[in-house]
Amino acid sequence: MKIDRVETFLVPPRWLFCRVETDEGVVGWGEPVVEGRAEVVRAAVDVLAEYLLGQDPLRIQDHWQVLTKGGFYRGGPVLSSAVAGLDQALWDIAGKTYGAPVHALLGGPVRDRARVYAWVGGDEPAVLAEHIAAQVEAGFTAVKMNAAGVTSPITTPAETAAVVDRVAVAREALGPDRDVAVDFHGRFTPASARRVLAELAPLHPLFAEEPLLPDQGHLLPALVAASPVPIATGERLYGRAEFLPALTAGVAVAQPDLSHAGGITEVTRIAALAETYGALLAPHCPLGPIALAASLQVAFTTPNFLIQEQSLGIHYNKRGDLLSYVVDTEPFRFTDGYAHRTSLPGLGVEVDEEAVRAADRSGHAWRNPVWRQPDGSFAEW
């Protein structure tokens, strides 16, 4: 069996899918994308596909080595994301070839269901209580929210209080038996993060996500030591080497993205590395159904898995949502806040190819907003 064709599809709201076909008609799907740079990743997939054409798709580990190390210049979000989507597709082909789910090929499941959380509040969180009530009604036992929108270099008393008040609203709506995670989104300076984390502690967040920008990793040890709230990070880290400093700093939760951090092949290694540091895995995934399907395959086989992000109804999803491009929605039916393990082969998702091809004809040009401080200077989004 040889790889015969590699195609990419730019589909709303902001995703890129890839389709890898073999000469025996076995098709695998992946989701290689950098949100806001999907067209750039598409070009990277085209370049990497030059190597894959004519190759045996089942040599996944060898292909991962060549795709990530075969060029003199390596790494970075674009190349890592291109490799990630192709890697997902190759695992999908392997599962379909052997008639087994990917989690079986990874050594078998360690759990029957994976806890998932829902997003609430949007980029600039405002109306929360009713959003959370709706998610609780839908059965979710955990939600995630942004801490704030544009944030001053050092938070004012009013800004700090506003963050705490919003999380307090969430805690009130959730009660003591459900969880809220708070995403700092790299919008806070180190001084502001320390201030806000101390104030949030009595509300017991599940974790505080990305309280520092990824290029401030050298400051993580001091922040982790000072924080009474568990620290999570990793959506903008792309491999084991980048996760190692965060793990040695003592972060509680590693959040690699299956569409950014080298795919299934690399994230399983990141998960094993995290386990040696006592850290839990909570894969980042505000993306589409293929990325989520790949994430769940890893979740089912990872002992130190904590919780899975998913994008159903997320505020970014305009002109398309998690279920827009799948034939069977059953694998994404969440019961009591859990996704249930299936025995479907490959990634366990049946892509609606007709819908994908139709969506690609219009495509998208999604870009994240550019925020400004009141004085006109750049602000982190």
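Residues numbered from 1 in each chain as written. Predicted model: local features only at pLDDT ≥ 70, side-chain atom pairs only at ≥ 80, totals over all residues. Heavy atoms only, no water.

Comments concerning the domain arrangement of the protein
How big an interface is tends to be stated in terms of accessible area lost as the parts join.
Phase 1: Along its sequence, the protein is organised into domain 1 (3-100) and domain 2 (104-347).
Phase 2: The distance between the C-alpha centroids of domain 1 and domain 2 comes to 25 Å.
Phase 3: The interface is formed by 32 residues belonging to domain 1 together with 35 residues belonging to domain 2.
Phase 4: Summing both partners gives a buried area of about 2,600 Å² for domain 1 against domain 2, and 63% of it is carried by carbon and sulfur.
Phase 5: Joining domain 1 to domain 2, the criterion identifies zero salt bridges.
Phase 6: Linking domain 1 to domain 2 there are 19 residue pairs in polar contact (both at pLDDT 80 or more).
Phase 7: Elements that contribute at least two residues to the side of domain 1 that touches domain 2 include exactly strand S2 (15-22), strand S3 (27-30), helix H2 (60-69) and helix H3 (77-98).
Phase 8: Ranked by the residues each element gives to the side of domain 1 that touches domain 2, the list is headed by H3, at 13 residues. (Domains from an automatic or database assignment. Contact = heavy atoms within 4.5 Å. Buried area = accessible area lost by both parts, 1.4 Å probe. Salt bridge = Lys/Arg side-chain N within 4 Å of Asp/Glu carboxyl O. Polar contact = N/O pair within 3.5 Å; in protein donor to acceptor, adjacent residues only side chain to side chain. Helix = DSSP H or I, 4+ residues; strand = E, 2+ residues; numbered from the N terminus.)

Side note on the side chain of Ser81
Phase 1: Structurally, Ser81 can be placed in helix H3.
Phase 2: The exposure class of Ser81 is buried, given its relative accessible area of 0%.
Phase 3: Sequence-distant contacts of Ser81, that is, excluding residues within four places in its chain, are made with Pro32, Val33, Val34, Val41, Ser259 and His260. (Buried < 20%, exposed > 50% of the residue type's maximum accessible area, 1.4 Å probe, protein only.)

Let's talk about the sheet that holds strand S1 (residues 3-11)
Phase 1: Ordered by their spatial adjacency, three strands build an open sheet running S1-S2-S3, and the pairing between neighbours is antiparallel. Two strands in the sheet have a free side with no partner beyond their single neighbour: S1 and S3. When strand polarity is set aside, the average angle formed by the axes of neighbouring strands in this sheet is 20°.
Phase 2: Summarising the sheet, S1 and S2 pair through eight bridges and their orientation is antiparallel. Counterpart to Ile3 in the pairing with S2 is Thr22.
Phase 3: Helix H1 (residues 38-52) contacts S1 and S2 of the sheet and is inclined by roughly 180° relative to S1.
Phase 4: Packing of H3 onto the sheet brings it into contact with S1, S2 and S3, and relative to S3 it is tilted by some 145°. (Pairing = 2+ DSSP bridges. Axes fitted to C-alpha atoms, helices over the stretch in contact; angles between N-to-C directions.)

Points about helix H9 (residues 240-249)
Phase 1: Residues Phe243, Ala246, Leu247 and Ala249 constitute the buried set of H9. Taken down its axis, H9 places every buried residue within 155° of arc, on the same side.
Phase 2: Positive phi shows up at Gly250, right after H9, with a value of about 100°. (Arc of directions from axis to C-beta.)

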